[in-house]
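Each chain is listed here by its residues.
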Amino acid sequence: MGQRTLIIITSSELIHEALVQKGPLFASRPRDSPIRLVFSVGKCAINSAEYGPLWRALRRNFVTELINPNRIRQCSWIRKWAIETHLNRLRVEASNQGFVDVMSNCRLTICSILICLCFGAKISEDRIKNIESILKEVMLITLPKVPDFLPVLLPLFRRQLKEAKVLRKKQMECLVPLLRDRKAFVESGGKHSSSSSEMASPIGAAYIDSLFELEPPTRGKLGEEELVTLVSEIINAGTDTSATTVEWALLHLVMNQEMQEKLYREIVECVGKNGIVSEEDVEKMAFLGAVVKETFRRHPPSHFLLSHAAIKETELGGYTIPADANIEFYTAWVTEDPDLWEDPGEFRPERFLSGGDGVDVDVTGTRGVKMVPFGAGRRICPAASLGTLHVNLLLARMVHTFKWVPVPGHPPDPTETFAFTVVMKNPLKAVILPR
Ligand code: HEM
């Protein structure tokens, strides 16, 4: 890999011009650093004509098999099961230690939902914890590093390359058994039973089934290495982003009890004090939607988008972008811009209600870039609606079931730190009181 120019784009107009107006000229940059390649086999046949068609086939498959509205409805039992388990776990944790840790619980719950969506299997909490921690390590080791931009420095990263290979082995060991179980289950028409997991219905119930079948153009079926990579990417892409959002939203609700009461009242008006919030209910809750949007604006889980590359020399906003330049988009900047937002540093969900400065915002960025928590253009997060549903539902059920208050003597600390997503440096702890 030769040396490439690195360009970081921060302006709202240039992000829009590059990703929406000139999208095809700013293609995805396949993961091609040696450390990333350890985890990206196959999907990432660099410099090969295969990458584009394979990526498009996977994306199409993702949309039809994982996030179409019918499939989302079919899988609502998974969220119900995972969130009930989540609320019980919080009760136990609170009675054992007097408070709960928000992030670790939300990560575990979202991760269990995504594992179940992918493999159609309910597995033990210890196994979910093991998968979650291995995938978190994978995510951290594959973050962009200096040799991604300056390959000449690669020799300094030999130790990390070795560590990456050991980690890849662990990743395969924890996911391949699930994958083989599911395959045997599907091939036996639902008769095969495994001692290590409880399988859901074999037909159409697990995302991995569609990957077993997939035959992308120019190549045969995907192998186990590739399947593990693809499923890990989905679990990683959906876990931290959603869990971080719930944690930041709750931080504001803990610090501002009036806001929390307003949200609680909206939920009770919709489902009653003892009802159970459903997926249809959350769509009717305007204030909940506003709290979640304001969280995406004020605390976008990811400050940068995925890497892009200029496929040929291109003009952007009057500048010449050289062919093959690495383009990074720093999108968090636009949500802090006082020309685009009133008092951008304030957390004020009402800005997304009638008359507010955010009410007409297009979060897909198609009509202009004011906030793009899911990216924009051809590479926009394919699961934005599913991610939003997970956040809305989890937050609504947590606020409906418990009143959230600060731990006495330990006020929440809103300092940020970077760990793939931008998270709270000191994870949120709170006391929960039954409603
Ligand atoms: C609150 C939740 C979420 C947020 C804020 C979020 C945000 C993002 C962002 C910013 C990107 C990069 C887009 C770009 O570079 O233009 C992305 C990509 C992606 N997201 Fe999400 N996401 C969320 C939930 C999910 C969920 C639940 C899944 C899976 C079920 C998922 C799967 C993906 C995948 C597979 C990609 C990569 C697409 C590609 O390679 O083209 N995301 N997401």
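Residues numbered from 1 in each chain as written. Predicted model: local features only at pLDDT ≥ 70, side-chain atom pairs only at ≥ 80, totals over all residues.

S.K.: I would appreciate a short explanation of the overall build of the chain in the present structure.
M.R.: Helix and strand content of the chain: 15 helices and 13 strands. Relative to its length of 435 residues, the chain is compact, with a C-alpha radius of gyration of 22 Å against a globular reference of 22 Å. Dimensions of the chain, computed from the C-alpha atoms along their principal axes, are close to 60 × 60 × 40 Å. Every one of the 435 residues in the chain was classed for burial, and the buried ones make up 39%. Nonlocal contacts in the chain, meaning residues at least 24 apart in sequence, comprise 73% of its contacts between residues at least 6 apart. (Helix = DSSP H or I, 4+ residues; strand = E, 2+ residues; numbered from the N terminus. Rg over C-alpha atoms; globule rule 2.2 N^0.38 Å. Buried ≥ 20, exposed ≤ 12 C-beta atoms within 10 Å, placed from the backbone. Contact = placed C-beta atoms within 7 Å.)

S.K.: What's the story with the sheet that holds strand S10 (residues 402–406) in this structure? I'm lost.
M.R.: Each strand in a sheet pairs with another by means of backbone hydrogen bonds, the pair being arranged parallel or else antiparallel. Read from one edge to the other, the open sheet built from three strands follows the order S3-S13-S10, with strand pairing classed as antiparallel. Strands at the two margins of the open sheet, each flanked by one partner only, are strand S3 (100–101) and S10. Alignment of S3 against strand S13 (residues 429–434), held across two bridges, turns out to be antiparallel. Residue pairing for S13: Asp101 is matched across the bridge by Lys429. (Pairing = 2+ DSSP bridges.)

S.K.: Just checking my understanding: could you explain the site of the ligand for this structure?
M.R.: Around the ligand, the surrounding shell holds 23 residues, and the nearest of these are Gly238, Leu305, Gly375, Cys381 and Gly387. Broken down by secondary-structure element, the contributors of at least two residues to the shell around the ligand are helix H11 (224–255) and helix H15 (384–401). Among the elements that make up the shell around the ligand, the one with the highest residue count is H11 (seven residues). Of the residues belonging to the shell around the ligand, the class tally is 14 nonpolar, seven polar and two charged. (Near = placed C-beta within 6 Å. Nonpolar A, V, L, I, M, F, W, Y, C, P; charged D, E, K, R; others polar.)

S.K.: Even after reading the chapter, I still don't get the packing of helix H7 (residues 125–141) against H11, so can you show me in this structure?
M.R.: Each pair of packed helices can be summarised by the angle the axes make with each other and by the distance between the axes. Contact geometry for H7 and H11: axes closest at 10 Å, N-to-C directions at 90 degrees. Judged by the angle between their axes, H7 and H11 are roughly perpendicular. Along its contact with H7, which presents Leu135, Val138 and Met139, the element H11 presents Ser232, Ile235 and Asn236. Of the residues that constitute the contact of H7 with H11, the class distribution is four nonpolar, two polar and no charged. (Axes fitted to C-alpha atoms, helices over the stretch in contact; angles between N-to-C directions. Parallel < 35°, antiparallel > 145°, perpendicular 65-115°, else oblique.)

S.K.: Before we go on, may I ask you to explain the nonpolar core in this structure?
M.R.: Within soluble globular proteins, side chains that are nonpolar generally end up buried alongside one another. Judged by nonpolar contacts, the single largest core of 98 residues is most densely connected at Ile115, Cys118, Leu250, Leu395 and Ala396. When sequence neighbours within four positions are dropped, the list of residues in contact with Ala396 reads Ile267, Val277, Val282, Met285 and Leu288. (Core = buried A, V, L, I, M, F, W, Y, C linked by C-beta atoms within 7 Å.)

S.K.: When you look at the sheet that holds strand S6 (residues 308–310) in this model, what are you seeing that I'm missing?
M.R.: Spatially, S1-S9-S6-S2 is the arrangement adopted by the four strands of the open sheet, whose pairing is mixed. Since the sheet does not close on itself, it has two edges, and those belong to strand S1 (6–9) and strand S2 (26–28), each with one partner. If you compare each strand with its neighbour and ignore which way they point, the axes differ by 35 degrees on average. Sheet topology places S6 next to strand S9 (residues 326–329); two bridges connect them, and they run antiparallel.

S.K.: What am I meant to see in the pairing of strand S12 (residues 421–424) here?
M.R.: Put simply, side chains in a regular strand alternate between the two faces of the sheet. Examined bridge by bridge, strand S11 (residues 416–419) and S12 share four bridges and lie antiparallel to one another. In the strand pairing of S12, Ala419 is matched with Thr421. Taken together, S11 and the strand that follows it, S12, pair antiparallel across an intervening segment of one residue, in which Phe420 is found at a positive phi of about 70 degrees.

S.K.: Hey, could you run me through the environment of Trp81 in this one?
M.R.: Note that Trp81 resides in helix H5 (residues 76–97). Once the C-alpha coordinates of Trp81 and Thr109 are considered, the two residues, 28 residues apart in sequence, prove to be 9.8 Å apart.

S.K.: Where do I start with unusual backbone geometry in this structure?
M.R.: Glycine aside, a negative phi is what most residues show, and trans is what most peptide bonds show. The phi angle at Asp324 is positive, at roughly 70 degrees, despite the residue not being glycine. As for its position among the elements, Asp324 is in the loop between strand S8 (319–321) and S9. Here the phi dihedral of Asp343 falls at roughly 40 degrees; this positive angle occurs in a residue that is not glycine. Looking at the element boundaries, Asp343 is found in the loop between S9 and H15. With 10 C-beta atoms counted inside 10 Å, the residue Asp343 sits in the exposed group.

S.K.: What should I look at first to understand helix H14 (residues 286–298) in this one?
M.R.: Along an α-helix, a turn takes 3.6 residues, which lines up residues three or four apart on a common side. Here H14 spans 18 Å end to end across 13 residues, near enough to the 18 Å set by a 1.5 Å rise per residue. Along H14, ten of the 13 residues are buried, which leaves the element largely enclosed by surrounding structure. Within H14 the residues assigned to the buried category are Leu288, Ala290, Val291, Val292, Lys293, Glu294, Thr295, Phe296, Arg297 and Arg298. Residues of H14 that are buried make contact with H11, helix H12 (257–271), helix H13 (279–284) and H15. (Expected span 1.5 Å × (residues − 1).)

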